[in-house]
Amino acid sequence: MITTAKRTEALAAEIKSLAARKNALILAHNYQREEVQAVADYTGDSLELARIAADTAADIIVFCGVHFMAESAAILNPGKKVLLPDPTAGCPMADMAGPEDLAAMRERNPDASVVTYINSSAEVKALSDVCCTSANAVKIVQRVDARRVIFVPDRNLGSWVQRFTDKEVILWDGFCPTHERFTAADLAEAKRLHPDALVMVHPECNPEVIDMADEVLSTGQMVKFVRETDRAKIIVGTEEGMIHKLKSVAPEREYILPSKALVCPNMKKTTLEKVHAALVNEGPIVTVDPEVREKSLGCLRRMLKLS
Ligand code: 13P
Ligand code: SF4
């Protein structure tokens, strides 16, 4: 009888050999399923994956993440075929900002620069001055040449940034539904059950949760943190896929997910079967309109230069 573990192993081996034959690079975000992270050439946060996608010599990039990530790879490296194994894997936060509303906001604030979180569409990036990720948002806002900044679309990351700058940060009213479901009451209960644990949370969490944390970190910064800390027990306030990644880099520590609601349904759409099918079919391909690409490229390049 073939067990599920054996089937997964065989499928992973087939994916690896197909990727090698087709000169394809597999990138996976830290929130992906454990078996998808295991088959990737690189796992990382949005900034790390964007940098790798911009520099790769591979012919194909298989992006195991959500649409804006694959789209950013297609903008940064237009000669490549960028595949998104499940074309419906989107980001509800990115969908909360549209180009028309942003154009109107710009008109109302002509002296402000627009700093846009990478969790956004190419059309919104095209209307922005500079992009950022959760790893570099504070640095980018500080370095941008304006006293007033429109921060799009994450109000939680924007208000986190506001704590570190004298500049005026004008918040867009967007948020991540997954992090928003994680409440201060959930975290209080986790702290009560594990009083000896350190608390790290993602800046997409709401401000009440952030106020209760010891560390506020992007997913890539969380990886670095657990490699270096001597704390044995850590409450991880972000999407549950992160726990797999942390266990793979520092298995000696105990990680606690403080809420069952910390699951991003879109991140979980990518399965090994879909990665395999994407490689076989060389699709679904993510493309960007050339004019939009040209404008959004400036926004992404300025981020890579400033960070
Ligand atoms: P980072 O991995 O860049 O911290 O971002 C988290 C995220 O929400 C991706 O959707
Ligand atoms: Fe979007 Fe939140 Fe999912 Fe990240 S975790 S892809 S911000 S919905």
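Right above here is the structure, for reference.
Report follows, based on the coordinates. Keep in mind it's a predicted model, so treat the numbers as computed, not measured.

Parameters at a glance
Residues numbered from 1 in each chain as written. Chains lettered and ligands numbered in written order. Predicted model: local features only at pLDDT ≥ 70, side-chain atom pairs only at ≥ 80, totals over all residues. Heavy atoms only, no water. Near = heavy atom within 4 Å. Polar contact = N/O pair within 3.5 Å; in protein donor to acceptor, adjacent residues only side chain to side chain. Areas by Shrake-Rupley, 256 points an atom, 1.4 Å probe, with all protein chains shown as cover. Salt bridge = Lys/Arg side-chain N within 4 Å of Asp/Glu carboxyl O. Helix = DSSP H or I, 4+ residues; strand = E, 2+ residues; numbered from the N terminus. Buried < 20%, exposed > 50% of the residue type's maximum accessible area, 1.4 Å probe, protein only. Nonpolar A, V, L, I, M, F, W, Y, C, P; charged D, E, K, R; others polar. Core = buried A, V, L, I, M, F, W, Y, C linked by side-chain atoms within 4.5 Å. Contact = heavy atoms within 4.5 Å. Arc of directions from axis to C-beta. Pairing = 2+ DSSP bridges. Axes fitted to C-alpha atoms, helices over the stretch in contact; angles between N-to-C directions.

Let's talk about the site of ligand 1
The immediate surroundings of ligand 1 are formed by 14 residues, with His-29, Ser-134, His-202, Glu-204 and Thr-219 found nearest. Between ligand 1 and the protein, one listed contact pairs an oxygen atom with a side-chain N or O atom of His-29 at 2.6 Å. Contact between ligand 1 and His-202: an oxygen atom at 2.7 Å from a side-chain N or O atom of the residue. Contact with the protein chains removes 96% of the 300 Å² of surface that ligand 1 exposes when unbound.

Concerning the pattern of salt bridges
Throughout the structure, instances matching the rule amount to 18 salt bridges. In this structure, Asp-41 engages Lys-16 in a salt bridge whose closest nitrogen and oxygen atoms are separated by 3.8 Å. One end of the pair, Asp-41, is in the loop between helix H2 (34-39) and strand E2 (42-44); the other, Lys-16, is in helix H1 (residues 4-21), with 25 residues separating them in the sequence. Judged by its relative accessible area of 36%, Asp-41 falls in the partly exposed class. Glu-239 is the salt-bridge partner of Lys-268, the closest N and O atoms lying 2.9 Å from each other. One end of the pair, Lys-268, is in the loop between strand E12 (254-256) and helix H14 (272-281); the other, Glu-239, is in the loop between strand E11 (233-237) and helix H13 (241-249), with 29 residues separating them in the sequence.

Some words on the site of ligand 2
In the neighbourhood of ligand 2, the contacting residues comprise Tyr-31, Val-66, Cys-91, Pro-92, Asn-119, Cys-176, Glu-204, Cys-264 and Met-267. Residue composition of the shell around ligand 2, by class: 7 nonpolar, 1 polar and 1 charged.

Points about the nonpolar core
Within the largest apolar cluster, 66 residues are counted, with the highest numbers of intra-cluster contacts made by Phe-63, Val-115, Ile-118, Phe-151, Val-201 and Met-303. By residue number, the principal contributor to this core is helix H4 (residues 67-76), which donates 7 residues. Residues in contact with Val-201, not counting those within four places in the same chain, are Phe-182, Val-209, Ile-210, Ala-213, Glu-215, Val-216, Leu-217, Met-222 and Gly-237. Grouped together as the second largest cluster of nonpolar side chains are 18 residues, Leu-18, Ala-19, Ala-278 and Leu-279 included.

Let's talk about H14
For H14, the set of buried residues is Leu-272, Val-275, His-276, Ala-278 and Leu-279. All buried residues of H14 project into a common sector of 160° when viewed along the axis, lining one side. Along H14, the residues that are exposed and aim more than 90 degrees away from the buried face are Glu-273 and Asn-281. Lining the buried residues of H14 we find H1, strand E1 (24-29), H2, strand E3 (60-64) and strand E4 (81-83). Among the residues trailing H14, Glu-282 stands out with phi positive, at a value near 50°.

Side note on the sheet that holds strand E8 (residues 168-171)
Read across the sheet, 4 strands follow the order E6-E5-E7-E8 without closing on themselves; strand pairing throughout is parallel. Strands with a single pairing partner mark the edges of an open sheet, and in this sheet they are strand E6 (130-132) and E8. Strand-to-strand twist across the sheet, computed as the mean angle between neighbouring axes with direction ignored, equals 30°. Both strand E5 (residues 113-117) and strand E7 (residues 148-152) contribute to a ladder of 4 bridges, which runs parallel.

Topic: the sheet that holds E2
Ordered by their spatial adjacency, 4 strands build an open sheet running E2-E1-E3-E4, and the pairing between neighbours is parallel. Looking at the sheet topology across the chains shown, the edges are occupied by E2 and E4. For this sheet the average axis-to-axis angle between neighbouring strands, irrespective of direction, equals 20°.

So, the environment of Val-115
Locating Val-115 in the fold gives a position in strand E5. Judged by relative accessible area, Val-115 falls into the buried class, the value being 0%. Along the sequence, Val-115 and Met-303 sit 188 residues apart, while their C-alpha atoms lie 9.4 Å from each other.

Keep in mind that these numbers describe shape and distance, not what the molecule does.
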